[in-house]
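Report on the structure
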Amino acid sequence: MQQAEIGLIGLGVMGANLSLNIAEKGNRIAVFNRTFARTQEFMAEAGDLADRIVPCETIEQFVASIRPPRPIIIMIKAGEPVDQQMELLKPYLEKGDIMIDAGNANFRDTVRRFDWLKDTGLTFIGMGVSGGEEGARHGPSIMVGGTEESWKRVEPVLTSISAKFNNDPCVAWLGPDGAGHFVKTIHNGIEYADMQMIAEIYGILRDGLGRSATEIGTMFGSWNKGRLNSYLIEITEKVLMAADPESGKPMVDMILDKAGQKGTGKWSVIEAQQMGIPATAIEAAVAARSLSSMKAEREVAEKMFGKETARFELAGGNVEADLELALFAAKIAAYAQGFAVMSGASEEFSWNLPMPTIAKIWRAGCIIRSQFLDEITRAFTANPDAANLIVTPAFSVMVKESLPSLRRVVAAAVTAGLPVPALASALTYFDAYRQARGSANLIQAQRDFFGAHGFDRIDGKDFHHGPWGSGAATF
Ligand code: 6PG
């Protein structure tokens, strides 16, 4: 029998959808699941595509069904289960075979797994896959990290199943070991910021302007036709327009305001902090999810302090246009921060991450897909050495145009007592980034006062301690 081009372990929703996508694009695939009953159920649902799928009951049969060097996608719960699966699989594999972790792994685990296989003749790919269940089935964005040789082996299959933006496949090899999973992590960090900023605008409209869910949905619908056009804005409209089948009320009004999180946002922030790169909008978004989950504490606090009820009043400007532009400005800051973190990691880990390519493969298939990413692609292609997205010519124009709206919106929200942590972080990021002389001179003086840490002088003179007198640290 003709051998399969690729294998996949783990027929949960993502694994099943990815397998069907692979088969649909004309590739033969072998599948294995811990319980064979699930494999049989999957085959029964595969319809015509079943002809290209080889269901395997044992690991031996599974491995033998794949053309060497064998690429094997592991699509199971991230963390410990991946290590266990790799241990189980390893004895059956031969030189050149490639284990591929397609889950949302922490890139540090990916580097560790890559190293574990290094001297065995086997190799490892850490593959970020974005686009949720639909994406996996019909075209995800795929971020690959591993050796170039292993990438060459999987490139045809991955290219065939990836999303396409104007016929450009949204898949790329981004660098060695953890590069793909790192980029996926930052994708998710940006996703957190994008979602939080949208939620803050929704909060202003709901609590500061008394708009209903459907009114707000209509507004997002119209914004989706403009510069904010993106998958997240599109689904926001759909979510806000949906009614709860039980109560008939807007579905969104019936959902508890506690956001879940599985870790990728937090990892983005941890890595940014480790490298000393500010990612304030992403940090604010992660913290906002954590605060949202403290529902009981917030209920107590609202009783104690009362809820600020002031109406959201903008100083001039058209409220809808200002909110739209404010969201756009904040979005620029979040993406600028995410790309800055990737640039830092590229240097730190010697990955040589290709920024224009990353923007390119995020234009379709993934959760943050948008037209906006095409503009980022062009900006980084034209200015590969830009220190930050916001100083590229095209984005500097956009920032200048949209920043006043963000300032008005944040000011009005703060005055009304409406929490806008991510929008405010984005605003202060711009303000601090463009300040040639900030206030850290005082911090340096304080550090020198209590710890004799020294400072650099603006006149360059070689005298690095202040005349602090008694009470100051002696040096
Ligand atoms: C994607 C999503 C996907 C998933 C995250 C959400 O790119 O397809 O980001 O990876 O939805 O796991 O993460 P949280 O559960 O942390 O929101």
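Residues numbered from 1 in each chain as written. Predicted model: local features only at pLDDT ≥ 70, side-chain atom pairs only at ≥ 80, totals over all residues. Heavy atoms only, no water.

1. What to know about the domain arrangement of the protein
Domain assignment breaks the protein into domain 1 (6-177), domain 2 (185-433) and domain 3 (443-475). The C-alpha centroid of domain 3 is placed 40 Å from the C-alpha centroid of domain 2. (Domains from an automatic or database assignment.)

2. Quick word on the site of the ligand
Lining the immediate environment of the ligand, one finds 13 residues, of which Asn 104, Ser 130, Glu 191, Tyr 192 and Lys 262 sit closest. Between the ligand and the protein, one listed contact pairs an oxygen atom with a side-chain N or O atom of Ser 130 at 2.4 Å. Take Arg 289: an N or O atom from its side chain is 2.8 Å from an oxygen atom of the ligand. A total of 420 Å² of accessible area belongs to the ligand in isolation, and the protein chains cover 80% of it. Ranked by residue count, the leading element in the shell around the ligand is helix 8 (residues 179-208), at 5 residues. Grouping the amino acids of the shell around the ligand by side-chain chemistry returns 2 nonpolar, 7 polar and 4 charged. Taken together, domain 1 (6-177) and domain 2 (185-433) each give at least three residues to the shell around the ligand, which thus spans both. (Near = heavy atom within 4 Å. Polar contact = N/O pair within 3.5 Å; in protein donor to acceptor, adjacent residues only side chain to side chain. Areas by Shrake-Rupley, 256 points an atom, 1.4 Å probe, with all protein chains shown as cover. Helix = DSSP H or I, 4+ residues; strand = E, 2+ residues; numbered from the N terminus. Nonpolar A, V, L, I, M, F, W, Y, C, P; charged D, E, K, R; others polar.)

3. A closer look at helix 17 (residues 393-416)
In this model, helix 17 (24 residues) spans 35 Å end to end at C-alpha, consistent with the 34 Å of a helix rising 1.5 Å per residue. When helix 17 is considered as a whole, its buried residues turn out to be Phe 395, Met 398, Val 399, Ser 402, Leu 403, Ser 405, Leu 406, Val 409, Val 410, Ala 412, Ala 413 and Ala 416. Close packing links the buried residues of helix 17 with helix 8, helix 14 (319-348), helix 16 (372-382) and helix 18 (421-433). Of the residues one or two after helix 17, Gly 417 is the one with positive phi, at around 75°. (Expected span 1.5 Å × (residues − 1). Buried < 20%, exposed > 50% of the residue type's maximum accessible area, 1.4 Å probe, protein only. Contact = heavy atoms within 4.5 Å.)

4. So, the sheet that holds strand 7 (residues 141-145)
The 8 strands are arranged 3-2-1-4-5-6-7-10 in an open sheet whose pairing can be described as mixed. The open sheet is flanked by strand 3 (53-56) and strand 10 (171-175), the only strands paired with a single partner. Across this sheet, the average inter-strand angle for adjacent strands is 25°, counted without regard to direction. Summarising the sheet, strand 7 and strand 10 pair through 4 bridges and their orientation is parallel. Directly across from Met 143, in strand 10, lies its bridge partner Ala 172. On top of the sheet, helix 7 (residues 148-161) reaches strand 1 (6-9), strand 4 (71-74), strand 5 (98-101), strand 6 (123-130), strand 7 and strand 10; it is set at about 155° to strand 10, its chief contact. Strands strand 5, strand 6, strand 7 and strand 10 of the sheet are contacted by helix 8, whose axis makes an angle of about 20° with strand 6. (Pairing = 2+ DSSP bridges. Axes fitted to C-alpha atoms, helices over the stretch in contact; angles between N-to-C directions.)

5. Structural notes on the side chain of Gln 196
Within the secondary structure layout, Gln 196 lies in helix 8. Classification of Gln 196 as buried rests on a relative accessible area of 15%. With near-sequence residues (within four places) excluded, Gln 196 lies in contact with Ala 285, Ala 288, Pro 421 and Ala 422.

6. Quick look at empty space enclosed by the protein
A complete count under the given rule lists 1 cavity of 30 Å³ or more for this structure. Size it by volume and the largest cavity reaches roughly 40 Å³. Residue lining of the largest cavity: Asp 194, Ile 198, Leu 228, Ser 230, Ile 233, Leu 327 and Lys 331, and that is the complete set. If you list the elements that add at least two residues to the lining of the largest cavity, you get helix 8 and helix 14. Considering only residue class, the lining of the largest cavity consists of 4 nonpolar, 1 polar and 2 charged. (1 Å grid on protein atoms, 1.4 Å probe; cavity = no way out; pocket = protein on both sides within 12 Å on 5 of 7 lines; lining within 4 Å. Points joined across faces, edges and corners; volume = space filled by probe spheres on them.)

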